[in-house]
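What follows is the residue order along each chain.
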Amino acid sequence: MSRLKEKFISKIEPMRDRVKKLTTDFGDRVISECTVKQAYGGMRSVKSIVTETSALDPNEGIRFRGMTIPEVRERLPKIKEEPLPEGIFYLLLTGDVPTKADVDEITAEWRKRGELPAYIKKTLDAMPIDTHPMSQFIIGITALQNESLFASKYREGINKKQLWEPAYEDTMNLLAKLPKVAAYIYRRSYKNGQHINENKDLDWGGNFAHMLGFNNEQFQELMRLYLVLHCDHEGGNASAHTCHLVGSTLSDPYLSLAGGMAALAGPLHGLANQEVLRWIMDVQEKLGGGIPTKEQLAKFCEDTLASGQVIPGYGHAVLRKTDPRYVAQREFALKHLPNDPIFKVVSTLYDVVPDILLKAGKAANPWPNVDAHSGCLLVHYGMHEYDYYTVLFGVSRAMGVLASLIWDRALGLPLERPKTVTTEWVEKFVRS
Ligand code: CMX
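Residues numbered from 1 in each chain as written. Predicted model: local features only at pLDDT ≥ 70, side-chain atom pairs only at ≥ 80, totals over all residues. Heavy atoms only, no water.

Participant: Which parts of the structure should I look at to understand the site of the ligand?
Facilitator: Surrounding the ligand, one finds 22 residues, the nearest of these being His269, Gly313, Lys362, Ala364 and Asp371. Looking at the shell around the ligand residue by residue, the classes come out as 13 nonpolar, six polar and three charged. Structurally, the shell around the ligand is a two-domain feature, drawing no fewer than three residues from each of domain 1 (1–267 + 389–432) and domain 2 (272–380). (Near = heavy atom within 4 Å. Nonpolar A, V, L, I, M, F, W, Y, C, P; charged D, E, K, R; others polar. Domains from an automatic or database assignment.)

Participant: Sorry if this is basic, but what is going on with the packing of aromatic side chains here?
Facilitator: Think of a pair of aromatic rings as described by two things: how far the centres are apart, and how the planes are tilted against each other in angle. Enumeration according to the criterion identifies 13 aromatic pairs in this entry. Centroid distance Tyr186 to Phe214: 6.2 Å. Interplanar angle 45°. Geometry classified as tilted. One end of the pair, Tyr186, is in helix α9 (residues 164–190); the other, Phe214, is in the loop between α10 (204–212) and α11 (217–229), and 28 residues separate them in sequence. When sorted by exposure, Tyr186 lands in the same class as Phe214, which is buried. Ring plane angle 10° and centroid distance 5.0 Å describe the contact between Trp425 and Phe429, whose orientation is recorded as stacked. Here Phe429 and Trp425 lie together in helix α20 (residues 423–431), a separation of four residues that amounts to about one turn. Assessed through its relative accessible area of 48%, Phe429 is described here as partly exposed. (Phe/Tyr/Trp six-rings, centres within 6.5 Å; stacked < 30°, edge-to-face > 60°. Helix = DSSP H or I, 4+ residues; strand = E, 2+ residues; numbered from the N terminus. Buried < 20%, exposed > 50% of the residue type's maximum accessible area, 1.4 Å probe, protein only.)

Participant: Please clarify how the packing of α10 against α11 should be interpreted in this entry.
Facilitator: Each pair of packed helices can be summarised by the angle the axes make with each other and by the distance between the axes. Following both chains from N to C, one finds α10 and α11 inclined at 120°, their axes separated by 8 Å at the closest point. As summarised for this structure, α10 and α11 are arranged oblique, according to the angle between their axes. The interaxial crossing formed by α10 with α11 has right-handed handedness. Residues Trp204, Gly205, Gly206, Phe208, Ala209 and Leu212 of α10 touch α11, and the partners they reach there are Phe219, Gln220, Met223, Arg224 and Leu227. Grouping the amino acids of the contact of α10 with α11 by side-chain chemistry returns seven nonpolar, three polar and one charged. (Axes fitted to C-alpha atoms, helices over the stretch in contact; angles between N-to-C directions. Parallel < 35°, antiparallel > 145°, perpendicular 65-115°, else oblique. Left-handed = near helix turned anticlockwise from the far one by under 90°. Contact = heavy atoms within 4.5 Å.)

Below is the structure:
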């Protein structure tokens, strides 16, 4: 048995005991209430889901199993300077920092499990070439569901206490195959279907970069960092919440992840990374090229707001400060591409947008989120096809939502089914 699986198994019973004790001793304690405004307003701040893998503080940002991004960058095993994504998956699933040997074992296991069935390629090839990459990604994941061990074990009548195990196996198979599905989509959509075979000497992130067609070592480092930074953002965000909700019906990890990816594909969530670059390119095109000045950018921001659109990459439902994932990407840019023209635009936007959003007086958080920065790094290394960016986000986010899904099944969490009310009910309630 792999060290990861063995470690995870050692965590299950103690965690089940902790949850049992809490629900037995304190099951009726109220941890959150929901106001009328929250019921109509997307349930902001209503504490009603438990997620173990990460926690989000509005001012500090994300902690993965208690670790900040700088801590993760320092403590997770590396090949060069950036942490290996295999390590963040180990951390998210087990709560422990892996050794390099733990991480190497995951790399080898994902390599072994990574073969893509031929019918997946045929399925993707059947779609019009201009199908949005996220739609292709969701279809690719859904098509892989044919291989779900979870679905077949359920059909055979597995004891529900054991469901975590096929969820674990499906997750490992999915994570092994997702970079191949994603790279296949990129090469078919943008590189005339000239696909690139895997490099079995590379780690998961490095090989993904290679299959996309980028063999620059700095791009491989960027991909490792990118895959770590986007992996998880507690459980209330739309992709994590959707995956958890779909999984709660005992739908298998493939279909649960496909649901989560559909949520990620919305412009208020993961698709914002494509929108940021589209917005910047749009500005440059309207100005006839070159680097826009502060004043020109301010004018475009104001025009965007005046036309009733959002400024992509800014604001957040929970965060109230600059996203530390933005900061980590900025640090990467300052080190490797300080003079890049798009990085300059991204930096100038940081000087311009918060004041404009504050002046407009609506956004609760005027600061940049993760999506404000990722595109400029990708463009620098030659990945200009911004419609594709959310697929990269999706490959990374799969690690967090699937680690949580395995825990959902290990803890035997039930079908999620909150109560809804009608406006008539609310009107009567507030009058009573
Ligand atoms: N540009 C313009 N208006 C904005 C804004 C922005 N960047 N951010 C918030 N607002 C507006 C909202 O649209 C809302 O307006 P209405 O009252 O007219 O509906 C108002 O300010 C209050 O919103 P909020 O409470 O600050 O923010 P929400 O929690 O409702 O929404 C988010 C959060 C991310 C959807 C919003 O900030 C946004 O649309 N940002 C731009 C899109 C984006 O970058 N999304 C990526 C988020 C990170 C991720 O998930 O990947």
